[in-house]
Amino acid sequence: QVQLAESGGGLVNSGGSLRLSCAASGITLRRFNVRWYRQTPGKERELVGENISLGDRTTYVDAIKGRFTISRDNDRNMVYLQMNSLTPEDTAVYFCNAKGCAGNACYDLWGKGTQVTVSS
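For clarity, every value in this text was computed on a predicted model and none was experimentally measured. (Residues numbered from 1 in each chain as written. Predicted model: local features only at pLDDT ≥ 70, side-chain atom pairs only at ≥ 80, totals over all residues. Heavy atoms only, no water.)

It is worth spelling out the overall build of the chain at this point. Counting secondary structure elements, the chain contains 0 helices and 11 strands. Its helices and strands taken in sequence order, the chain reads β-β-β-β-β-β-β-β-β-β-β from the N to the C terminus. In terms of principal-axis extent, the alpha carbons of the chain reach across some 50 × 25 × 25 Å. Of all 120 residues assigned to the chain, the portion counted as buried reaches 38%. Excluding contacts between residues fewer than 6 apart, the proportion of contacts in the chain whose partners are at least 24 apart in sequence is 55%. For the chain, the exposed surface amounts to about 6600 Å²; the carbon and sulfur share of it is 45%. Charge separation in the chain, taken as the distance between the mean sites of 14 positive and 11 negative side-chain charges, equals 4 Å. (Helix = DSSP H or I, 4+ residues; strand = E, 2+ residues; numbered from the N terminus. Buried < 20%, exposed > 50% of the residue type's maximum accessible area, 1.4 Å probe, protein only. Contact = heavy atoms within 4.5 Å. Areas by Shrake-Rupley, 256 points an atom, 1.4 Å probe, with all protein chains shown as cover. Lys, Arg positive; Asp, Glu negative; His and termini not counted. Charge placed at Lys NZ, Arg CZ, Asp CG, Glu CD.)

This is the structure we're talking about:
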């Protein structure tokens, strides 16, 4: 089954850190561009950052630049979002998205999300 699954969310104090994981099954994740998004109630899902598989380039939105880092573990078929210096404004459900083609199949996959709550 082709799917993504996020994990690693939880409750953390302001200034703390969390590492989110995105595990892929049914696809070789290193061939796909991967994005992390977040969403709070009543707001649209917003991009946090992305890693482009070709060239292994990573970009981040200004709100989290310097605090969050996207990395890959190709042996484990996983992507991570390391989040440091968290603030209550980072509270959201975080989603990973993998987009790309493998062979004759193209995918735009989403996980179900993982809740991150930062207390003040």
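The structure having been displayed, the exposition proceeds.
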